[in-house]
Amino acid sequence: MHRAVPPVISVTPSRALVDETFRVAVQNLPPGSPVTLHSLHRSEDEDLWEAFGHYVSDSRGTVSVADDFSFGGTYTGKEAMGLLWSMSPVPGSREGLRLRKKNVCIPQLVNISVYGGHVEEGFGERLPLASTLTERWHLGPGVRRIEISERGVRGTLFIPPGPGPFPGMLDMWGGGGGLLEYRSALLASHGYASLALEYFTAGELKSADKEFSYFETAFNIVREHPQVIPDRVGLFGLSLGSLMASYLAAESSVIEPRCCVCVSGGHLYPRGVFCYFCRHKLRVDEHNREIWRSINLPIPEDLSQKLDVGKINCPMLLVNGIDDQNWPTVECAEDMAHMMRAAGKEHLLTRIEYPDAGHLIEPPYSPHSRATKFIKDGVTVILLWGGQTKPHADAQEDSWRNILAFLQKHLYCTQNPKAKM
Amino acid sequence: MLRHARGSLWSVYFKTRVPDHRTGLRRWSSMHRAVPPVISVTPSRALVDETFRVAVQNLPPGSPVTLHSLHRSEDEDLWEAFGHYVSDSRGTVSVADDFSFGGTYTGKEAMGLLWSMSPVPGSREGLRLRKKNVCIPQLVNISVYGGHVEEGFGERLPLASTLTERWHLGPGVRRIEISERGVRGTLFIPPGPGPFPGMLDMWGGGGGLLEYRSALLASHGYASLALEYFTAGELKSADKEFSYFETAFNIVREHPQVIPDRVGLFGLSLGSLMASYLAAESSVIEPRCCVCVSGGHLYPRGANLQQLFRAYSSHSHKLRVDEHNREIWRSINLPIPEDLSQKLDVGKINCPMLLVNGIDDQNWPTVECAEDMAHMMRAAGKEHLLTRIEYPDAGHLIEPPYSPHSRATKFIKDGVTVILLWGGQTKPHADAQEDSWRNILAFLQKHLYCTQNPKAKM
């Protein structure tokens, strides 16, 4: 397509938080011309991620991703944010990649381009008609980042701007270990003083030796911060972190979480023991990807193998993917509901379960990875997390909205905090 | 600025004055809250010409609050604005949707917290807010206070506060310092392969090098050169010949990422006059279109800048000052001379012209000039090239939208600091900035991007 004047591509807003939507538009195309909208991101690990959609300009020579239909590519249909959530590593990339922001103080830079015609591959070898850059931030303006290393606890605390005081959060990730700040940065951008907790070194699950008191101390570090409202501190966990959150909510006599968000978690916890692995039930699929889901199925009847969730006294939000191949989260949620009902605590529980969503339910618009590398006992394996991209992306978007509403209700509002959401 | 809670403080306790309009008395009341409200600005980071939505949630229903903005300029002055609101039955205030009952702006004004800003009480006189370093954003604090507060914001603790970034530079826009062929300026190139339409961007009689409008134009897809053509404050020393501007134009035109036959001119005040001069008189360059904000056509034919200023100075006996000793230059060049040798031959212009003026301009008789220019162009059969927009109660300094209005500011004239009266009333001037920018971008898009007949009237 030889043109004297190129089209104009715009992303509005050009700078945004990662959970905000944008509008991608192209103007000044010839009417009715096929074009490809393309996104490109170079991760902190130097991998390239891309997505693309096939469009046809309208009679005024315009394409609007938020309003128009994508006819092909990594996503189809009317998908305003498809250029982000449908990203995957470019052909030839290393296997089993997962996109996770490490340095939250700088944004994710994403190139958004428009190419002539309906292109399927080889974007790197073509010249786009036009291209622009957009910034995606986990950290809102004015949010403060404070490294925590006290009382033996390691993590990063994010405080919203303003005088406060603010509700607080203890934020725990899963079995991969290490310290991931991005969700806490985002929560602080929504008004919660959130501590991203490091509780074992990345990839060394077996070495995890933290006692229960470690988590209680971490909770108290948040609670005792001068800018935190002491009786409004919640728990947020994903995967293993979710299990820890449930454990704290059920068993701690020291801390009183105001509410608890458990994403892709469970309640299978041999009482008093921190480690859990029944390897003989491990399965692998045809690509040699490990499926851990069945390791702990069926859900044991033996109460000593499960958390005593009947002792929980705060509102709980359980978010799970029905296609979770890593953990039997839905079966656990069902059993937890049963146990809480028996204890008269069912009114505290809210369950959301998403069809065809997998284990890694992250903040919205982040790419879905059905299977990624995982370091298990110092060995790199590929774990199958599950989920199909479009339903998983929908789950991330919808769950985040529900999570923020749940947190606002229980940590900000002044009605009865124990009412069901 | 903001005091943070210390020690074991976990509730916000403050005193507000609640005016009782019926009795004229003021009563003290206290609002003790365990959980503060939440204030949000969406988007939290934006270009300066983008709108935002400021909202407060989790207030008690029906409570009077004050929304407040605060900005510390690069010159270390504090600018602020505020509006008085009442939360609705759900305890929410939305600036974009709700009515402000008082403050520096009233009514439903989504962006009032920006455009109605003025220097805080006690500030130096005659300040003007202009961004120097476009590579970092303007930071604005947006806060909510209990009650309808009129003053003393610095001594109170807000209920909640957040920060928003306002950018002139979009992501991926490149900034290139230009110092070649004797021309000094800064070129901003949009992201992407290009090529792009170009722009030569000229400011006014204050001189120096101001990048912010060019940065913004590049964020909208134009490769724009912010031109420096005399040192700040030294108007009298301006000695650039006509060829300086032509060379600058060519630097843009010849850039590998610029479409050579789609380069326009953009000027304000003196820069606007230069733009008109180039459009009318240059045999070397062919601007595709021309945006003239608060400009004119009074220019002794054949004169260079030095001679131009001498010609203006010869009228300085007509200079008036108002009751605050602020200089009004408007009448210096009134009435518009009949003598054609004192005016640009605008009948020779061959490109579309957009003239944007404020009817309350106290610095230059821009509307009278525009009228006369239309007359001259009509006589030459060029009227179809001209589009005029004139805003009631707007002043001389019509800038990109949401920037504060200054009715009079300091100006260095012959090394002496005076206060010039620019004119305009804040609200109509803000409306003019918002509307004119929309029209300017549409005009540029039509003439520099679209592929229809470029000479059609906008």
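Note that the structure is predicted; figures quoted are calculated from it, not measured. (Residues numbered from 1 in each chain as written. Chains lettered and ligands numbered in written order. Predicted model: local features only at pLDDT ≥ 70, side-chain atom pairs only at ≥ 80, totals over all residues. Heavy atoms only, no water.)

A word on the overall build of chain B
What counts, and what does not: A run of H or I in DSSP counts as a helix once it spans at least four residues, and a run of E counts as a strand once it spans at least two, with each numbered from the N terminus. Type-normalised accessible area, obtained with a 1.4 Å probe on protein chains alone, sets the label of each residue: buried when under 20%, exposed when over 50%, and partly exposed for intermediate values. Contact definition: two residues touch when any of their heavy atoms are within 4.5 Å. All accessible areas in this document rest on Shrake-Rupley with a 1.4 Å probe, and a residue is counted as covered only by the protein chains that are shown.
Within chain B, the regular secondary structure consists of seven helices and 23 strands. Out of the 458 residues in chain B, the part that is buried amounts to 60%. At a minimum sequence separation of 6, the contacts of chain B that also span at least 24 residues come to 70%. Surface accessibility of chain B: about 18200 Å² in total, with carbon and sulfur atoms responsible for 51%.

Some thoughts on the overall build of chain A
Note the following rule: We compute the radius of gyration from the C-alpha atoms alone; for a globule the expected value is 2.2 Å times N to the 0.38, where N is the number of residues. By the counting rule applied here, Lys and Arg register as positive and Asp and Glu as negative, while His and the ends of each chain are not counted. Working definition for charges: the position is that of NZ of Lys, CZ of Arg, CG of Asp or CD of Glu.
When you go through chain A residue by residue, the secondary structure sums to six helices and 21 strands. Against the globule reference of 22 Å for 421 residues, chain A gives a C-alpha radius of gyration of 22 Å, in line with a compact fold. Projected onto the principal axes, the alpha-carbon positions of chain A cover approximately 70 × 55 × 35 Å. Expressed as a percentage of its 421 residues, the buried residues of chain A come to 62%. Of the contacts made within chain A by residues no fewer than 6 positions apart, 72% connect residues no fewer than 24 positions apart. Of the roughly 15900 Å² that chain A leaves accessible, carbon and sulfur atoms contribute 50%. The positive charge centre, built from 42 side chains, and the negative charge centre, built from 48, are 3 Å apart in chain A.

Quick word on the interface of chain B and chain A
Stated formally: Whenever a carboxyl oxygen of Asp or Glu lies within 4 Å of a side-chain nitrogen of Lys or Arg, that contact is scored as a salt bridge. Pairing of N or O atoms within 3.5 Å defines a polar contact, subject to two protein rules: one partner must be a possible hydrogen donor and the other a possible acceptor, and residues neighboring in sequence count only if both atoms are side-chain atoms. Following the grouping adopted for this structure description, the nonpolar residues are Ala, Val, Leu, Ile, Met, Phe, Trp, Tyr, Cys and Pro, the charged ones are Asp, Glu, Lys and Arg, and the polar ones are all others, Gly among them.
At the junction of the two partners, chain B supplies 47 residues and chain A supplies 42 residues. Connecting chain B to chain A are zero salt bridges. Seen at the junction of chain B and chain A, the total is four residue pairs in polar contact (both at pLDDT 80 or more). In terms of residue count, the dominant contributor to the side of chain B that touches chain A is strand 11 (residues 160-167) of chain B (seven residues). Residues that form the side of chain B that touches chain A fall into these classes: 25 nonpolar, 16 polar and six charged.

Observations regarding unusual backbone geometry
G164(A) connects to P165(A) through a cis peptide bond whose omega is 0°. With an omega of -5°, the peptide bond running from L334(B) to P335(B) counts as cis. With respect to the element layout, P335(B) can be found in the loop between strand 19 (327-328) and strand 20 (353-358). For N28(A), which is not glycine, the phi torsion reads 70° and is therefore positive.

Points about the pairing of strand 10 (residues 144-150) of chain A
Condition: Any two strands are treated as partners once DSSP identifies two or more bridges connecting them.
Inspection of the sheet shows strand 10 of chain A paired to strand 11 (residues 153-159) of chain A by seven bridges, in the antiparallel sense. From the neighbouring strand, R145(A) faces strand 11 of chain A, where its bridge partner is F158(A).

Notes on the sheet that holds strand 9 (residues 130-137) of chain A
Residues and elements named next belong to chain A. Sheet architecture is open: six strands sit in the order 2-9-8-4-5-7, paired in mixed fashion. What marks the edges here is a single partner per strand, and that holds for strand 2 (15-17) and strand 7 (88-89). Of the pairings in the sheet, the one linking strand 2 to strand 9 comprises three bridges and is parallel in character. Paired with R15 across the strands is E135, a residue of strand 9.

Focus: the packing of aromatic side chains
Heads up, the rule is: Pairing of aromatic rings covers Phe, Tyr and Trp, the last through its six-membered ring, and needs centres within 6.5 Å; plane angles under 30 degrees mean stacked, over 60 mean edge-to-face, and all others mean tilted. We call a charge positioned over a ring when the NZ of a Lys or the CZ of an Arg lies within 6 Å of the ring centre and within 35 degrees of the ring normal.
Enumeration over the complete set of coordinates arrives at 29 aromatic pairs over all chains. Aromatic ring contacts, followed pair by pair, group Y229(B), F230(B), Y244(B) and F245(B) into a single cluster. When the ring centre of W385(A) is taken as reference, the NZ or CZ atom of R98(A) above it lies at 5.9 Å. When the ring centre of W203(B) is taken as origin, the NZ or CZ atom of R213(B), which lies over that ring, is 3.9 Å away.

What about the pattern of salt bridges?
Taken as a whole, this structure holds 57 salt bridges over all chains when the rule is applied. Here R293(A) makes a salt bridge to E331(A), at a shortest N to O gap of 2.6 Å. In this pair, R293(A) is assigned in the loop between strand 17 (290-291) and strand 18 (316-321) and E331(A) in helix 5 (residues 329-342), connecting sequence segments 38 residues apart. E76(B) is paired through a salt bridge with R72(B); the nearest N and O atoms lie 3.4 Å apart. Owing to a relative accessible area of 52%, E76(B) belongs among the exposed residues under this scheme.

Some thoughts on the packing of helix 3 (residues 242-253) of chain B against helix 4 (residues 270-281) of chain B
All names here are of chain B. Note the cut-off: Axes, fitted as lines to C-alpha atoms, cover a helix only where it is in contact. Angles between the N-to-C directions of the axes lie from 0 to 180 degrees. Geometric relationships in this document are graded by angle, where less than 35 degrees denotes roughly parallel, more than 145 denotes roughly antiparallel, 65 to 115 denotes roughly perpendicular, and other angles denote oblique.
Taken N-terminus to C-terminus, the directions of helix 3 and helix 4 make an angle of 85°; their axes are 11 Å apart at the nearest point. When the axis of helix 3 is compared with that of helix 4, the two are roughly perpendicular. On helix 4, the residues that touch F242, F245 and E246 of helix 3 are M274, Y277, L278 and E281. Tallied by class, the residues present in the contact of helix 3 with helix 4 amount to five nonpolar, no polar and two charged.

Focus on the sheet that holds strand 8 (residues 93-94) of chain B
Residue and element names in this part refer to chain B. Read across the open sheet, the three strands follow the order 3-5-8; overall the sheet is antiparallel. Here the strands that pair on one side only, and so sit at the sheet edges, are strand 3 (38-42) and strand 8. Pairing geometry for strand 3 and strand 5 (residues 53-57), over five bridges, is antiparallel. Paired with V41 across the two strands is V54, which belongs to strand 5.

Thoughts on a nonpolar patch on the surface
Defined as follows: A patch consists of residues whose relative accessible area exceeds 30% and which take part in no salt bridge; residues with like charges are grouped when within 9 Å of each other, and nonpolar side chains (Val, Leu, Ile, Met, Phe, Trp, Tyr) when within 5 Å.
Taken together, the side chains of V56(A), F69(A) and F71(A) make up a nonpolar region of the molecular surface, amounting to roughly 300 Å² of accessible area. Relative to the assigned elements, F71(A) resides in the loop between strand 6 (63-64) and helix 1 (82-85).

Focus on the nonpolar core
Keep this limit in mind: Grouping buried Ala, Val, Leu, Ile, Met, Phe, Trp, Tyr and Cys residues that are joined through side-chain atoms within 4.5 Å yields what is termed a nonpolar core.
Core analysis: the biggest nonpolar cluster contains 101 residues, and M202(B), Y229(B), M353(B) and L444(B) have the highest contact counts within it. Not counting chain neighbours up to four residues away, the residues in contact with M202(B) comprise R213(B), L227(B), Y229(B), F245(B), L265(B), F266(B), G267(B), L268(B), G271(B), M274(B), A275(B) and L278(B). If you look at the next biggest cluster of nonpolar residues, it comprises 91 residues, including V319(A), M339(A), L348(A) and W385(A).

Re the confidence of the model for chain B
All names here are of chain B. Keep this limit in mind: Across the chain, each position has a pLDDT score giving the predictor's confidence in that residue, from 0 to 100.
Across chain B, pLDDT averages 89, with 90% of residues at or above 70. Long-range and interchain partners of residues 1-33, a stretch whose pLDDT sits below 50, account for 65 contacts in this model, where long-range means more than four residues apart. Below pLDDT 50 for its whole length, residues 453-458 participates in 20 contacts with residues either more than four positions away or in separate chains. The ipTM value of the predicted complex is 0.88, and its pTM value is 0.89.

Remarks on helix 2 (residues 182-189) of chain A
All names here are of chain A. Within helix 2, seven of the eight residues are buried, which leaves the element mostly enclosed by the surrounding structure. At its buried positions, helix 2 is contacted by strand 2, strand 11, strand 12 (166-172), strand 13 (193-198), strand 14 (228-238) and helix 6 (389-412). Just beyond helix 2, the residue with positive phi is G191, at close to 105°.

Details of the pairing of strand 5 (residues 48-56) of chain A
Residue and element names in this part refer to chain A. Burial runs high along strand 5: seven of the nine residues are buried. Here strand 4 (residues 34-42) pairs with strand 5 via nine bridges, running antiparallel. What sits directly across from R42, in strand 5, is L48. The hairpin turn running from strand 4 into strand 5, its antiparallel successor, is five residues long, and E46 in that turn takes a positive phi close to 70°. Both strand 5 and strand 7 contribute to a ladder of two bridges, which runs antiparallel. Bridging across to strand 7, E50 finds its partner in S88.

What about the side chain of E165(B)?
Inspection of the secondary structure assignment puts E165(B) in strand 11. Taking the relative accessible area as the measure of exposure, E165(B) reaches 11% and is therefore buried. Reaching out from E165(B), the side chain makes a polar contact with the side chain of R45(B) at a distance of 3.1 Å. If we skip the residues at most four places from it in the chain, E165(B) touches P141(A), S44(B), R45(B), A46(B), P137(B), Q138(B) and L139(B).

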